[in-house]
Amino acid sequence: MGRPTRLGLAILAALLVVCGAYTIFWFVVAGQIKSGVAAWAQSAQGNKVEVSWKEMSVTGFPGAFRVRLDRAALRDNRLSPPPQLRIPLLSGTARPWDFADWRIAAADGFSAALGGINERPPVKLTARTADGVVSLVPEGGWKLWLSLYDASLEAAERVHVSSADAWIVVPPGPAGSSSSYGEPTVTLSSNLRQVRLPAAVGPLGDTVEDLDFGITVRGALPTGKLAQA
């Protein structure tokens, strides 16, 4: 056996070892992701938040980790009536070298609902499809950028939004550590485009071309009836 042949076999053996080690790494991490998501859902119950799904899978080998949740749902029982979120198909994708940034997608859209109380009618937000990025902060907290398409908000009337971008920022720090007038605990900003109102507003018509708004919550949101909270 000549020297070039031995060198080629050595390189091939090294590649096989690397590929085998990476394969083991990928499947071990995939298992940890599944158990981590399940543990997070279990811990959320301690805060009266129900998180559920019909089926979970992790795919994407070899270049990514793609978590898929079928019929995902979230219900926050800390408030009354409890807000609810339903997503027929939710996926989150991260690269093996970057677990801090997850690209998420709700290909079949989602619906969020809040039951009516007294004279206030039920509120429902739906979107035909949505996608975005979740960035996890090492010290805790997270940031979400989300794009919605063909969305509508229904209460007493229905408002249709052609598309929207939303940003949610939850800074690091233990929940409830900020005072009522302390540091922000959550910040929301949004840009809505082609907002069609249920009725025309004088000479302005029934469509708003572009609408921006922002909300900042300071201090922990109390539990109990939503209006009082």
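Reading the values: rules and limits
Residues numbered from 1 in each chain as written. Predicted model: local features only at pLDDT ≥ 70, side-chain atom pairs only at ≥ 80, totals over all residues. Heavy atoms only, no water. Phe/Tyr/Trp six-rings, centres within 6.5 Å; stacked < 30°, edge-to-face > 60°. Helix = DSSP H or I, 4+ residues; strand = E, 2+ residues; numbered from the N terminus. Buried < 20%, exposed > 50% of the residue type's maximum accessible area, 1.4 Å probe, protein only.

Geometry of an aromatic ring pair is reported as the spacing of the ring centres plus the angle between the planes. A complete count under the given rule lists eight aromatic pairs for this structure. Considering the side-chain rings of Tyr 22 and Phe 25, the 5.9 Å spacing of their centres and the 40° angle between planes classify their relative orientation as tilted. With a gap of three residues between them, Tyr 22 and Phe 25 both fall in helix α1 (residues 3-44), about one helical turn apart. Owing to a relative accessible area of 28%, Tyr 22 belongs among the partly exposed residues under this scheme. Following the ring pairs from residue to residue traces out a cluster consisting of Tyr 22, Phe 25, Trp 26, Phe 27, Phe 61, Phe 65, Phe 99 and Trp 102.

Residue Pro 62 is reached from Phe 61 by a cis peptide bond, and omega for that bond is 10°. Mapped onto the elements of the fold, Pro 62 is located in the loop between β2 (55-59) and β3 (65-76). The omega torsion across Ser 80 and Pro 81 is 0°, close enough to zero to call that bond cis. You can see Pro 81 is positioned in the loop between β4 (79-80) and β5 (84-95). The phi dihedral of Asp 150 falls on the positive side, at around 55°, and the residue is not glycine. Checked against the element boundaries, Asp 150 lands in strand β9 (residues 142-154). On the basis of relative accessibility, which here comes to 34%, the residue Asp 150 falls in the partly exposed class. Positive phi, close to 55°, is recorded for Gln 194, a residue that is not glycine. Structurally, Gln 194 can be placed in strand β11 (residues 184-196). On the basis of relative accessibility, which here comes to 35%, the residue Gln 194 falls in the partly exposed class.

The values reported here are purely geometric and, on their own, carry no functional implication.
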